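A structural walkthrough
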Protein chains: 4
Amino acid sequence: MTALTPAQPVSWPNGKRCAVAFTFDVDAESPLLSTDSAYADRMGTMSHQAYGPLVGVPRLLGILDEFSVPGTFFVPGYTAERHPEAIRSIARAGHEIAHHGYLHESLVGVDEDTERAIMERGLTALDEVAGVRPTGYRAPMWEMNWHTPKVLADFGFTYDSTLMDSDHPYELAVAGAGSLVELPVSWALDDWLQYCFVPDFSGTGLIETPAKAMELWRSELDAMRDIGGAWILTNHPFLSGRPGRAAALREFIAEVCGMDDVWVAGMAEIADHVRTQQLTPRTLTRPDFEPVTAPSTGEQR
Amino acid sequence: MTALTPAQPVSWPNGKRCAVAFTFDVDAESPLLSTDSAYADRMGTMSHQAYGPLVGVPRLLGILDEFSVPGTFFVPGYTAERHPEAIRSIARAGHEIAHHGYLHESLVGVDEDTERAIMERGLTALDEVAGVRPTGYRAPMWEMNWHTPKVLADFGFTYDSTLMDSDHPYELAVAGAGSLVELPVSWALDDWLQYCFVPDFSGTGLIETPAKAMELWRSELDAMRDIGGAWILTNHPFLSGRPGRAAALREFIAEVCGMDDVWVAGMAEIADHVRTQQLTPRTLTRPDFEPVTAPSTGEQR
Amino acid sequence: MTALTPAQPVSWPNGKRCAVAFTFDVDAESPLLSTDSAYADRMGTMSHQAYGPLVGVPRLLGILDEFSVPGTFFVPGYTAERHPEAIRSIARAGHEIAHHGYLHESLVGVDEDTERAIMERGLTALDEVAGVRPTGYRAPMWEMNWHTPKVLADFGFTYDSTLMDSDHPYELAVAGAGSLVELPVSWALDDWLQYCFVPDFSGTGLIETPAKAMELWRSELDAMRDIGGAWILTNHPFLSGRPGRAAALREFIAEVCGMDDVWVAGMAEIADHVRTQQLTPRTLTRPDFEPVTAPSTGEQR
Amino acid sequence: MTALTPAQPVSWPNGKRCAVAFTFDVDAESPLLSTDSAYADRMGTMSHQAYGPLVGVPRLLGILDEFSVPGTFFVPGYTAERHPEAIRSIARAGHEIAHHGYLHESLVGVDEDTERAIMERGLTALDEVAGVRPTGYRAPMWEMNWHTPKVLADFGFTYDSTLMDSDHPYELAVAGAGSLVELPVSWALDDWLQYCFVPDFSGTGLIETPAKAMELWRSELDAMRDIGGAWILTNHPFLSGRPGRAAALREFIAEVCGMDDVWVAGMAEIADHVRTQQLTPRTLTRPDFEPVTAPSTGEQR
């Protein structure tokens, strides 16, 4: 078994200590529809999800514009088809649009050919709706297969933002296809875990205050500044676009913009910078293991 | 696919910036009985639910009266039949009573004829018990079908308060039947998610403090005042009628009543005002989608 | 359908405004064993539950003694058999011991004869171990059947503490058997919902701070003092006996003992006082309802 | 039934009032793989778990080193095989490595022979990777069988850290094999319950702030100092190794190091000290019980 080795710190432009990216997963109706098509019949739930592109996206774009912060929006292809104006407005405002599946399909147990079909369909949708060809990808629910990086490399993506084994971006080796820049994420930096409740779909029925979410994210950012990694926040417009949450995020963004040691950037911009560092790609391997079996002469139950 | 468009801000009376409604879903025993009739055998759980009309309603009416705040009570027909005095006291105090199903039936997968029968039965109960004919409706668990608005329009309702895709009220187009005023809601403004625990029915076994609930609601209200929408709070008398929660809500209502820019009103009153604005009805559509299928030549698992 | 009517306030001794009882459910291993006998094989879980009588009870008795506060301990018969010294120490210290089932059996769906057998077995255990004959009862998981009050009356109990439909104690009518004093409880005043995690049995995997639990309980008590009811707290020695929680409870008890308007008493003492008021018994009835059925001519799905 | 008796306080070296141990369960991928081998296919989840040895361990070692605090690391054998460098670095830094199963196998329902095979396999891995022979053991998920202590004694372990029935360490009697020192733990002192979310595996989807976790742990420690027991904290590098959490833990460790009455020690060191006290071993017994059965003449349902 080849041992894994940790990623090493990256040096940031202009002597900054830490990179920060504000990313937004514009899931809208997609995750529910790919889980069970019967959700389409639920007008209430569908309206809850549509809040994201209809209300959340314009509000969040306004905040990003106010502070001249580049955002990165991961958009399932179907979200673009159903909410073209919202997605076009993101592109028009100069923000990055990245790939997030077609219908926010879970990749658990999905074979490579199906993944390629999903990838293709998502690219087509983003191209037809907004005229963009994304260079970045994030797997739905931050879960992908060991063959996924090869699929991404074959489609020409520069970076992925799905894995969680590092505070620092790194080059992820792809067998026979060079490498991808990996921009790692963390569950603590996902608004879903603070705010999401969708009956029969997700959430326990507890919703946190925006102040608590900001306290959590601030504690991670303050520590990341000392560590020098990339602090990548993931918000969902159907959640963080709500008035009180957007207002709290706005104040937090203002605070971050006032930090001299922080480089606030888009994900593609960060990936391009990482690429210039010519890092040695890290090889990640599937765990290979053999469970302990009961001794053949032992008493079994 | 016709694209959805967001609702636009409504202007409020007397130069107010924001509308506020305090609404109460008087669920009592109904949601449990419609989920499983065996809950009727649980004397403990039934007593927990009966706390709402028996104790919570008089206490909350006292608070509304103290601040001359008009409340809106969504009442399942069966709740009215089982707790007639509580429901009559709401009407006598001049508050609005609206429709909330007969037995708080989930509408998931329910056909239109059954919905009409539920609607009828709820109307009859509210009429017989309290002599009221509601103009407003809220679907149990904030979930309805794409045919529900037509049912509501046919029964002559003015407004619905179930959907979640806007901060602003709007006119919801109903095919062949004009439109309904929609007064949208939000999970963050529902006391159920802060306080509810009913064994084997709902809740994770965590109960928040009233201070935390008020902090959450205040953060949403403060932001909504800037946005100019309608801030609609939903409380359940069996939950928010408990002493400490009612006391916290009382203080919060006092605070809201001191806000110069806020119009505190009943839901029907808000709907009537919205109607005067002659807004163009929004058309909402069921998501129409086609999942990515595995390529026929691909390896399947 | 006979309408339910709310309980009315009770007047308290010596001009006090509010009654307070600190109650302890000494569940120990019982709730797990009655749920699934296989829990007996889990040495770790069993040790977690045994902490209650072994460590929690002596610690909590020390706190009650320090402030001369009478506690009320609801003890399953099996807990007394397995932990006789802990239960005897409660009796020796002059605190009340009340009935809490034999093996903390859920009464959901249990017939009357089986309930009588459980009642008998619990009484025998408490008598044999500690020589006590309880006058009070609390149903496990605060759940009982409509026939349970009759069982309790037949066994000569004075009071029950299971129901949740009032802030004020009341006389509960028992058909053909007079009445029981009911001392109602509330999920917000139960430490289980703040602290309990037992893998594969209960809890979501979140544990709150003692400070948060105290804030919750204080907010309910402060409001109950204005209302004049009985504020009845339920703690579990296997949970609230842990060092930090016991220390926080100790401070809270000290605070309560300093409140001039509060009568801190044992449950039997409160029940006896309520009985002297010769209240008219309340009749509670099982909800009788008929669901809406789909119209026979309607299209079914 | 032989009654259990509580453990008595231990006197600590140099007049200290309380022992403190910072322990780390280096679970990494193991708990998931032993639950379902299909988790190995999930590259995202595997990367989330690998964060522990790759990033969390070096960071936490740095903090321990900064304050010269001896840590105790419970390491599944497979974790050592997959992440040898991380485990060797723990040993090189002079910290204790203890046994935590081979693949973090749940022992629920596992027979004695299989347990011996697991024990053997874990010992071999720790020996081959890091050249260590642990003297301490902690059962995965803090759950073991009544035969487990005998297995541990036969393998020559000095101490176990799995049970939860005491604030004080004690000698645990092992029939026919002397005794083990037991260093008891508590769910309130486990970072898993504050921070853990792994989709489809563990967690409710709520993540607490580091400040809340520290508040909880501080409240338990402050109380334990008065009680004089052993306060044993359990952190997981894949959780508490994240930047904000590690930073908060660092401050907390600094605070603890400033407490004059606290003895911060490794687990083996504490166990050795306890052993010198020649305590009478406690005998724990499996609960033996007979449920109440429905009377034969009663009406059954």
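Residues numbered from 1 in each chain as written. Chains lettered and ligands numbered in written order. Predicted model: local features only at pLDDT ≥ 70, side-chain atom pairs only at ≥ 80, totals over all residues. Heavy atoms only, no water.

Quick look at the overall build of chain A
Defined as follows: Runs of E in the DSSP output that reach at least two residues are strands. Runs of H or I that reach at least four are helices, and both are numbered from the N terminus. Here the globule rule reads 2.2 Å times residues to the power 0.38, and the radius of gyration is calculated from C-alpha atoms. Any residue under 20% of the maximum accessible area for its type is buried, any over 50% is exposed, and the rest in between are partly exposed; the area is computed with a 1.4 Å probe on protein chains only. The contact criterion used throughout is that any non-hydrogen atoms of two residues lie within 4.5 Å. The protein chains shown are the only cover counted for residues, whose accessible areas, like all others here, come from Shrake-Rupley with a 1.4 Å probe. In this tally, Asp and Glu contribute negative charge and Lys and Arg positive charge; neither His nor the terminal groups of the chain are included. By convention, the point assigned to a charge is CZ for Arg, NZ for Lys, CD for Glu and CG for Asp.
When helices and strands are counted, chain A shows eleven helices and nine strands. By the compact-globule yardstick of 19 Å for 301 residues, chain A fits well, its C-alpha radius of gyration being 20 Å. Judged by the C-alpha coordinates and their principal axes, chain A covers about 65 × 55 × 40 Å. Residues classed as buried in chain A amount to 67% of the 301 residues present. In chain A, the share of contacts with a sequence separation of at least 24, taken over all contacts with a separation of at least 6, comes to 73%. Within the structure as shown, chain A displays about 9700 Å² of accessible surface, and the carbon and sulfur contribution to it stands at 47%. Taking the average location of the 22 positive side-chain charges in chain A and that of its 42 negative ones, the two points are 3 Å from each other.

Side note on the relation of the copies chain D and chain A
Using the following cut-off: Least-squares fitting of one copy onto the other uses the C-alpha atoms of those residues that reach a pLDDT of at least 70 in both copies.
You can overlay chain D on chain A at an RMSD of 0.0 Å; the transform is a turn of 90 degrees with a shift of 0.0 Å along its axis. Put plainly, the chains are arranged around a four-fold axis. When C-alpha positions in chain D are compared against the rotation axis, the closest is assigned to Thr204(D), at 4.5 Å. A distinct binding surface is used by each copy, with only 6% of the interface residues of chain D retained as interface residues in chain A.

Quick word on the pairing of strand β2 (residues 71-75) of chain C
All names here are of chain C. Put simply, the test is: By definition, two strands form a pair when at least two bridges between them are found by DSSP.
Counting buried positions along β2 gives five out of five residues, so the element sits mostly inside the fold. Side chains of β2 alternate between two faces, with Gly71, Phe73 and Val75 and Thr72 and Phe74 buried alike. Relative to β2, strand β1 (residues 18-25) runs parallel, the two sharing four bridges. When the sheet's bridge partners are listed, threonine 23 is paired in β2 with threonine 72. Pairing analysis gives four bridges linking β2 to strand β3 (residues 96-99), with the strands arranged parallel. If you follow phenylalanine 73 over to β3, its bridge partner there is isoleucine 97.

Observations regarding the relation of the copies chain D and chain C
With an RMSD of 0.0 Å, the fit of chain D onto chain C corresponds to turning through 90 degrees and sliding 0.0 Å along the axis. A share of only 6% of the interface residues of chain D reappears at the interface of chain C, consistent with the copies meeting through non-equivalent patches.

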